[in-house]
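Read off the chains here:
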Amino acid sequence: MKSAVENLNPTRVKLTVEVPYEELKPSLDAAYQSIGQQIQIPGFRKGKVPARIIDQRVGRGAVIQEAVNEALPEFFGKAVDENDVRPLGQPEVDITQVPAADGDELHFTVEVDVRPEITLPSFDGIEVQVDPFEVTDEDIDAELTALRERFGTLVGVERAATKGDFVSIDLKASIGEEEIDAVNGVSYEVGSGNMLEGLDEALEGLSAGDSTTFTAPLAGGDRAGDDAECVVTVEAVKERQLPELDDEFAQLASEHDTLDELKDDVRGQVEQRKRFEQGVQARDKVLDHLLETVDVAVPDSIVEAEVNSHLEGEDRLEDDEHRAEVDESTRKALKTQFLLDEIVAKDEVQVSQEELIEYLIMSAQQYGMDPNQFAQALDQQGQVPAVMGEVARRKALSTVLEKAVVTDTNGETVDLNALNTGEDAEAGDATDALTPVDQDQDEDTEQTEESEPAKA
């Protein structure tokens, strides 16, 4: 087999392939055998029909088509390997010559998107600035208030509801004479904004037994987005009473005996979180620096396919403004993936079993799933290789970040290694915590999968 490659642009190539008759013959023989098993010819046993009879009854064209269809993926794969091509997306195949007679060659061309060639610069001396590290008394007070709220109690009050109160409500939504939905006895925090638009405004000022009507777009169901007339009735108003901030509370809410010990612990947690936030900021700025300084071409056809798939899932194909936003985020996601994959290849980054397990546990927690069930689901969906690639990209960016000079806006050097101290950094190590693909994109879709050519 002979093959050659022509670069059409930085992300698309054309392969020209010539297959000698001798290499195609096994596929032709298999096609004759397959067709012979499917037809019945008087005087011949099934599977024993001679090729010349099949040509007469079925036509040689049908045999060639089946043979070529079955052989194309193999010959395409050989051409890819011979020319060191890294294909992306769905190839476009054009059969330019078929073996009409014994001894004739098969010729075809394939146009396919490919990974761009990327020239990586030296990563030494990259400089980024982050916000300064500072823990204030207000930070500590906010954490303690949040902790007190966790241990607060709801007490009924005889007054109008205000922001921060909890109310028990009945809610009914109708469009015209049709009742769309109704719920009773729902507990809701006034001001939380996690139900219907306009509900918070309607509730403020209502006391137990009061009702009011407001108009709001429905948030879900078949009529999502349609304006409905909503009637809300308040059954009870409760306010959250917080425990006193003293030694007794410290013993209730923690393993500490005194309030001072609890405050010291909270300060340490806030410090750890803020250091982590510095690391995340440094990571993001290093990645942005790479994307700005390294030329990474992106295949337009793959971007268009991803964007259309995304918008179709949202039923927003005609939303030009949103299309532009998704197009931009998709291009950045692909550039990030290509760039980090190149670093993975250059540095020969390997992912250990322990690193994979750690990532799976962390991801399972984010989805509220059991880690074993999460891992089984990924395996059944064939997503384990994609996850391995994700972890490798995290490690690749980590190697770049380790070489960067990170300072805060006060001119102080930021030691990212300090993030590895302490017993538990809840969000993980900021030097490798990377999710390069935009969250608006479909996370379980690997955008750079190699695919076989379409059948002829």
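Quick caveat: nothing in here was measured; it's all calculated off a predicted structure. (Residues numbered from 1 in each chain as written. Predicted model: local features only at pLDDT ≥ 70, side-chain atom pairs only at ≥ 80, totals over all residues. Heavy atoms only, no water.)

Chemist: Could you clarify how one ought to interpret the overall build of the chain in this entry?
Modeler: The secondary structure content of the chain amounts to 12 helices and 11 strands. Taking 23 Å as the expected radius of gyration for a compact globule of 456 residues, we find that the chain reaches 32 Å, considerably beyond that expectation. When its C-alpha atoms are laid out on the principal axes, the chain stretches across 95 × 70 × 40 Å. By the burial criterion, 38% of the 456 residues in the chain qualify as buried. When the accessible area of the chain is evaluated, it comes to approximately 25800 Å², of which 42% is carbon and sulfur surface. Mean positive and mean negative side-chain charge positions of the chain (39 and 106 charges, respectively) differ by 8 Å. (Helix = DSSP H or I, 4+ residues; strand = E, 2+ residues; numbered from the N terminus. Rg over C-alpha atoms; globule rule 2.2 N^0.38 Å. Buried < 20%, exposed > 50% of the residue type's maximum accessible area, 1.4 Å probe, protein only. Areas by Shrake-Rupley, 256 points an atom, 1.4 Å probe, with all protein chains shown as cover. Lys, Arg positive; Asp, Glu negative; His and termini not counted. Charge placed at Lys NZ, Arg CZ, Asp CG, Glu CD.)

Chemist: Mind showing me how you'd approach the pairing of strand E8 (residues 178-189) here?
Modeler: For a regular strand, side-chain orientation follows a simple rule: the groups alternate between the two sheet faces. As paired elements, strand E7 (residues 166-175) and E8 share nine bridges and run antiparallel to each other. For Ser168, the partnering residue across the bridge sits in E8 and is Ser187. Between E7 and the antiparallel strand that follows it, E8, lie two residues; Gly176 among them carries a positive phi value of about 65 degrees. (Pairing = 2+ DSSP bridges.)

Chemist: How do you make sense of empty space enclosed by the protein when you look at a structure like this?
Modeler: Over the atoms rolls a probe the size of a water molecule, and its path tells where empty space is left. The tally for this structure, following the rule as stated, stands at one cavity of 30 Å³ or more. In this structure, the largest cavity spans a volume of roughly 30 Å³. The wall of the largest cavity is formed by Arg86, Arg115, Pro116, Ile118, Phe338, Asp341 and Glu342. Its residues assigned to classes, the lining of the largest cavity shows three nonpolar, no polar and four charged. (1 Å grid on protein atoms, 1.4 Å probe; cavity = no way out; pocket = protein on both sides within 12 Å on 5 of 7 lines; lining within 4 Å. Points joined across faces, edges and corners; volume = space filled by probe spheres on them. Nonpolar A, V, L, I, M, F, W, Y, C, P; charged D, E, K, R; others polar.)

Chemist: What am I meant to see in the sheet that holds strand E4 (residues 106-114) here?
Modeler: Two modes of strand pairing occur in sheets, parallel and antiparallel, and in both the strands are linked by backbone hydrogen bonds. If you trace the four strands from one edge of the open sheet to the other, you get E1-E2-E4-E3, paired in antiparallel fashion. Two strands lie at the open edges of the sheet, namely strand E1 (2-9) and strand E3 (87-97), each paired on one side alone. Across the sheet, the mean angle from the axis of one strand to that of its neighbour is 20 degrees, orientation sign disregarded. In the sheet, strand E2 (residues 12-19) pairs with E4 via eight bridges, with the strands oriented antiparallel. When the bridges of E4 are listed, Val19 appears paired with Leu106. (Axes fitted to C-alpha atoms, helices over the stretch in contact; angles between N-to-C directions.)

Chemist: Got a minute to help me understand the environment of Ser211 in this structure?
Modeler: Summarising the element assignment, Ser211 is placed in strand E9 (residues 211-217). Residue Ser211 is classed as partly exposed on the basis of its relative accessible area of 46%. Put simply, Ser211 and Asp300 are 89 residues apart on the chain and 55 Å apart in space, counted from C-alpha to C-alpha. For Ser211, the contacting residues outside a window of four places in its chain are Val232 and Thr233. At 2.6 Å, the side chain of Ser211 and the side chain of Thr233 are in polar contact. (Contact = heavy atoms within 4.5 Å. Polar contact = N/O pair within 3.5 Å; in protein donor to acceptor, adjacent residues only side chain to side chain.)

Chemist: Got a minute to help me understand unusual backbone geometry in this structure?
Modeler: Phi at Asp84 takes a positive value of approximately 55 degrees, unusual for a residue other than glycine. Within the secondary structure, Asp84 sits in the loop between helix H3 (60-82) and E3. Located in the positive-phi region is Glu348, a residue other than glycine, with phi close to 50 degrees. The class of Glu348 is exposed, set by a relative accessible area of 62%.

Chemist: Looking at this model, I keep getting lost on the nonpolar core. Mind explaining?
Modeler: Nonpolar side chains in soluble globular proteins generally cluster together in the buried interior. Formed by 45 residues in total, the largest nonpolar core has its most connected members in Val286, Leu290, Leu339, Ile343 and Val406. Contributions of two or more residues to this core are made by strand E5 (127-130), helix H7 (259-293), helix H8 (300-314), helix H9 (320-347), helix H10 (353-367), helix H11 (371-380) and helix H12 (384-403). If we ignore the near neighbours within four places in the chain, the residues touching Leu290 are Phe123, Ile126, Leu339, Ile343, Leu397 and Val400. Counting 32 residues, the second-largest nonpolar core is a separate cluster that includes Leu15, Val19, Val63 and Val114. (Core = buried A, V, L, I, M, F, W, Y, C linked by side-chain atoms within 4.5 Å.)

Chemist: Explain the packing of aromatic side chains here, please?
Modeler: Two measures describe an aromatic ring pair: the distance that separates the ring centres and the angle between the ring planes. Enumeration over the complete set of coordinates arrives at two aromatic pairs. Judged by centre distance (6.0 Å) and plane angle (90 degrees), the ring pair of Phe151 and Phe249 falls under edge-to-face. Of this pair, Phe151 sits in the loop between helix H4 (137-150) and strand E6 (153-156) while Phe249 is found in helix H6 (residues 247-253), placing the two residues 98 residues apart along the sequence. Measuring from ring centre to ring centre gives 5.8 Å for Tyr367 and Phe374, while their planes differ by 25 degrees; the resulting arrangement is stacked. Note that Arg275 overlies the ring of Phe133, its terminal NZ or CZ placed 4.3 Å from the centroid. (Phe/Tyr/Trp six-rings, centres within 6.5 Å; stacked < 30°, edge-to-face > 60°. Lys NZ or Arg CZ within 6 Å of the ring centre and 35° of its normal.)

Chemist: Teacher, can you tell me more about the side chain of Arg12 here?
Modeler: Mapping Arg12 onto the fold places it in strand E2. When its relative accessible area of 13% is taken as the criterion, Arg12 is described as buried. At a separation of 3.4 Å, a polar atom in the side chain of Arg12 contacts the side chain of Glu111. The contacts of Arg12, once residues within four sequence positions are left out, are Glu6, Asn7, Glu92, Glu111, Val112, Asp113, Val114 and Ser301.

Chemist: For this particular structure, what's the right way to read the pairing of E7?
Modeler: Counted residue by residue, E7 has eight buried out of 10 residues, so it is predominantly covered. Inspection of the sheet shows E7 paired to strand E10 (residues 227-241) by nine bridges, in the antiparallel sense. Within E10, the position partnered with Ile169 by the bridge is Val234.

Chemist: Even after reading the chapter, I still don't get a negative patch on the surface, so can you show me in this structure?
Modeler: Together, Asp247, Glu255, Asp257, Asp260, Glu261, Asp264 and Asp265 make up a region of like negative charge exposed at the surface. In terms of residues, the negative patch owes the most to one element, H7, which gives four residues. You can see Glu255 is positioned in the loop between H6 and H7. (Patch = residues over 30% accessible without salt bridge, like charges linked within 9 Å, V, L, I, M, F, W, Y side chains within 5 Å. Salt bridge = Lys/Arg side-chain N within 4 Å of Asp/Glu carboxyl O.)

Chemist: Is there a simple way to think about the packing of H9 against H12 in this case?
Modeler: Look at H9 against H12: their axes get within 9 Å of each other, and the N-to-C directions meet at 80 degrees. Classified by the angle their axes make, H9 and H12 are roughly perpendicular. Of the residues in H12, those in contact with Gln337, Leu340, Asp341, Ile343, Val344 and Asp347 of H9 are Ala392, Arg393, Ala396, Leu397, Thr399 and Val400. (Parallel < 35°, antiparallel > 145°, perpendicular 65-115°, else oblique.)

Any functional reading would require information that these geometric values do not contain.
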